[in-house]
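Fold and contact review
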Amino acid sequence: MTGLARTMLRLHRPALIVWGVFVAAALVCLVRLTEITAGAARAEAASCPAHQGFCGSMWATLDYSEPMGWVSTCVYYSFWAVAAWAGGALIGGELESGTARLAWTQGVSPARWLAAKLTVPALAIALGGALFIPVYRWAWSANRDLMGDDWTFADVFADRGPAVVAYGLCALAVGALTALVLRRSLPAMGVSVAVMVVLNQFLERHREDFWPAVTRTSTKAFEVSDSVWQVENGTVTRGHRVEGLDHMACHGSPGEIKRCLDAMGVDGYYAIYHPRSHFWPMNLVETGILLAVAALATVLAFRLLKRHTGAAAGHRELTV
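One structure accompanies this document, and this report is about it. (Residues numbered from 1 in each chain as written. Predicted model: local features only at pLDDT ≥ 70, side-chain atom pairs only at ≥ 80, totals over all residues. Heavy atoms only, no water.)

What about the overall build of the protein?
Applicable threshold: Starting at the N terminus, helices and strands are each numbered in turn, a helix being any DSSP run of H or I of at least four residues and a strand any DSSP run of E of at least two. Think of it in three bands: residues with accessible area under 20% of the maximum for their type are buried, residues over 50% are exposed, and the middle band is partly exposed, with areas taken using a 1.4 Å probe on protein chains only. For this analysis, residues touch if any pair of their heavy atoms sits within 4.5 Å. Note on areas: Shrake-Rupley, 1.4 Å probe, and residue coverage restricted to the protein chains presented here.
Assigned secondary structure in the protein consists of twelve helices and four strands. A total of 320 residues make up the protein; the buried ones form 40% of that total. Long-range contacts, defined here as pairs at least 24 residues apart, represent 81% of the contacts in the protein between residues at least 6 apart. Carbon and sulfur atoms form 64% of the exposed surface of the protein, whose accessible area is close to 16900 Å².

Overview of the sheet that holds strand E2 (residues 229–237)
Quick note on the threshold: What makes two strands pair is DSSP finding at least two bridges between them. Lines fitted to C-alpha atoms define the axes, with helix axes restricted to the stretch in contact, and inter-axis angles between N-to-C directions lie between 0 and 180 degrees.
Spatially, E1-E4-E2-E3 is the arrangement adopted by the four strands of the open sheet, whose pairing is antiparallel. The open sheet has two free edges, formed respectively by strand E1 (214–218) and strand E3 (240–243), since each of these has just one partner strand. Taken over all neighbouring pairs, the strand axes of this sheet differ in orientation by 30° on average, direction set aside.

Examining a nonpolar patch on the surface
This is how the line gets drawn: Nonpolar side chains (Val, Leu, Ile, Met, Phe, Trp, Tyr) within 5 Å and like charges within 9 Å form the patches, drawn only from residues with over 30% relative accessible area and no salt bridge. Salt bridges are counted wherever a side-chain nitrogen of Lys or Arg sits within 4 Å of a carboxyl oxygen of Asp or Glu.
On the surface, Val181, Leu182, Val191 and Val195 cluster together to form a nonpolar patch covering roughly 280 Å² of accessible area. Those elements giving two or more residues to the nonpolar patch turn out to be helix H9 (163–182) and helix H10 (185–206). Within the fold, Leu182 resides in helix H9. The class of Leu182 is partly exposed, set by a relative accessible area of 34%.

Concerning the nonpolar core
Quick note on the threshold: For this analysis, a nonpolar core means a set of buried residues of the types Ala, Val, Leu, Ile, Met, Phe, Trp, Tyr and Cys, connected via side-chain atoms within 4.5 Å.
The biggest cluster of nonpolar side chains holds 69 residues, and the ones touching the most others in it are Ile91, Trp113, Leu114, Phe132, Leu180 and Met196. Within the second largest apolar cluster, nine residues are counted, among which are Cys250, Leu261, Val266 and Tyr269.

Side note on the pairing of E3
As paired strands, E2 and E3 are joined by four bridges and run antiparallel to one another. Residue pairing in the sheet places Gly234 in a bridge with Glu243 of E3. Taking the residues that link successive antiparallel strands as the turn, the E2-E3 hairpin has two residues, and the phi of Arg238 there is positive, at about 50°.

So, the packing of aromatic side chains
Counted only if it meets this: Each pair of aromatic rings taken from Phe, Tyr and Trp, with Trp reduced to its six-membered ring, is defined by centres within 6.5 Å and is described as stacked if the planes are under 30 degrees apart, edge-to-face if over 60, and tilted in the remaining cases. Lysine NZ or arginine CZ positioned within 6 Å of the ring centre and within 35 degrees of the ring normal marks a charge as sitting over the ring.
A full pass over the atoms with the stated rule returns 14 aromatic pairs. An angle of 90° between the planes, with centres 6.4 Å apart, marks the rings of Trp151 and Phe279 as edge-to-face. A residue pair is termed long-range when its members are at least 10 positions apart, and Trp151 in the loop between helix H7 (110–142) and helix H8 (154–159) and Phe279 in helix H12 (residues 279–319) qualify at 128 residues. Residue classification places Trp151 among the buried positions, given a relative accessible area of 2%. Taken together, a centroid distance of 5.5 Å and an interplanar angle of 80° make the contact between Phe157 and Phe279 edge-to-face. With Phe157 in helix H8 and Phe279 in helix H12, this pair connects stretches of sequence that are 122 residues apart. Take Phe279: its relative accessible area is 3%, and that puts it in the buried class. Ring-pair connections join several aromatic residues into one group, and the members of that group are Tyr76, Tyr77, Phe79, Trp80 and Tyr167. Lying over the aromatic face of Phe279, Arg160 brings its terminal NZ or CZ to 4.6 Å of the ring centre.

Quick notes on empty space enclosed by the protein
To be explicit about the condition: Grid points spaced at 1 Å over the protein atoms alone were grouped into cavities, where a 1.4 Å probe fits but cannot get out, and pockets, open sets with protein on both sides within 12 Å along at least five of seven lines, with lining residues defined by an atom within 4 Å of a point. Grid points are joined across faces, edges and corners, and a volume is the space filled by probe spheres set on the points. Gly falls in the polar group here, along with every residue not listed as nonpolar (Ala, Val, Leu, Ile, Met, Phe, Trp, Tyr, Cys, Pro) or charged (Asp, Glu, Lys, Arg).
On inspection of all chains with the given rule, the structure shows two cavities of 30 Å³ or more. Roughly 140 Å³ of internal volume is contained in the largest cavity. Along its surface, the largest cavity is lined by 16 residues, and Trp19, Val75, Ser78, Gly129 and Val164 are the ones closest to its centre. Among the elements of the structure, helix H2 (13–46), helix H3 (57–76), helix H4 (78–90), H7 and H9 are those that each provide at least two residues to the lining of the largest cavity. Tallied by class, residues from the lining of the largest cavity come to twelve nonpolar, four polar and no charged. Residue lining of the second largest cavity: Met8, Leu9, His12, Leu16, Trp85, Leu90, Ala116, Lys117, Val120 and Pro121, and that is the complete set. When contributions to the lining of the second largest cavity are tallied by element, the ones reaching two or more residues are helix H1 (3–11), H4 and H7. In terms of residue count, H7 provides more of the lining of the second largest cavity than any other element does, four residues in total. The residue makeup of the lining of the second largest cavity, split by class, is eight nonpolar, one polar and one charged.

A word on the packing of H2 against H7
Short version of the rule: Here is the rule for angles: anything less than 35 degrees is roughly parallel, anything more than 145 is roughly antiparallel, 65 through 115 is roughly perpendicular, and the remaining ranges are oblique.
Where H2 contacts H7, the two axes come as close as 10 Å, and the packing angle between them is 5°. When the axis of H2 is compared with that of H7, the two are roughly parallel. Along its contact with H2, which presents Leu16, Trp19, Val23, Ala26, Leu27, Leu30, Val31, Thr34, Glu35 and Arg42, the element H7 presents Val120, Ala124, Ile125, Gly128, Leu131, Phe132, Val135, Tyr136, Trp138, Ala139 and Ala142. Of the residues contributing to the contact of H2 with H7, the split by class is 17 nonpolar, two polar and two charged.

Here you go:
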C-alpha cells in the first residue's frame with residue numbers, strides 16, 4: 001500500500017468504519033432474521049387455532065418481514081449517503097479548506113490525489129456489496145411465505161444483483177465531480193444527492209424497458225402468474241390492443257357476456273410482462289448504465305481537476 005493510500009485511509013477512517021459497521025450490522029440482521037426470527041414466526045403461526053380470526057401470528061410475521069424490508073431499503077438507498085459524503089467531506093471539504101492544495105505542494109500530483117481519493121472508498125463499496133448481495137439473496141429467498149414483497153420491488157430488485165454496488169460507485173463519482181465543479185462542501189452535498197435521486201427515479205421508472213418483455217395473447221381471458229412483472233394488460237379490440245377497457249362490465253349468462261363483448265368489439269385478451277428469468281438481464285443492464293455514468297463522471301472529474309490545477313499553475317508563473 002502506498003503512502004498516499006495510507007494517508008487516505010487514516011484521513012477518512014471514521015467514514016470507512018461507519019460503512020463497515022453498517023454492512024456488518026445488515027449482514028448480522030439478515031442472518032438472525034433468517035435463522036431465528038423466521039422460525040419463531042412460524043411457531044407462533046402454528047400455535048393459532050384455525051378458527052380464530054385474529055391471532056398473534058400476524059405480529060410475529062411482521063417481526064420478521066418489517067426488519068427484512070428495512071435492511072433492504074437502507075442498503076439500497078445508502079448511495080444517498082455515499083453521494084453526500086463524496087461531495088462533502090471526501091472532495092468538497094478538502095478543496096474548500098485548502099487541504100488538497102497543500103497535498104499537491106508535497107509531491108502528490110492532483111491526478112494521483114484524486115485517484116487515491118476515489119480508489120479507497122470504491123474498494124470499500126465493492127467489498128461491502130460482494131458480502132451483502134449473496135447473503136441478502138439467501139435470506140430473501142429462504143422465507144418467501146413470510147414476506148409481502150417480490151422481485152419487482154425497487155429495493156429488492158437492486159439488492160439481489162450488482163446494481164446496488166453500481167449505485168454506490170456512481171454516487172461516489174457523481175459526488176466527486178460535483179465537488180470539483182462547485183468547490184464548496186455543502187452545496188456539493190446537496191447537488192450530489194439531488195442528481196442521484198433524479199437518476200435513481202429515472203431508472204426505476206424505465207426499469208421495465210431494459211429488456212424485451214413477453215407478450216401473451218388469447219381469445220379467452222387469462223391471468224398471469226403472481227411471480228411476473230406485469231407491464232400492461234388489456235383486450236384486443238377490433239384487432240388493436242386496448243389497455244384499460246372495462247370488459248368486466250359485461251355480466252350475466254355466458255351468452256349475454258359474449259354478446260356484450262362482441263358489441264364492444266373485443267376479440268381477445270393480452271398481457272405484456274417480464275418473467276422472473278428476466279431479472280438478471282434487466283439488473284445487468286441497469287448496472288451497466290450506472291457504471292457508464294460513473295465512468296463518465298470520473299473522466300470529467302479528472303479533466304476538470306487538470307484544467308483547474310493547470311490554470312492555477314499558469315497564473316502563478318505569470319505572477320512570478
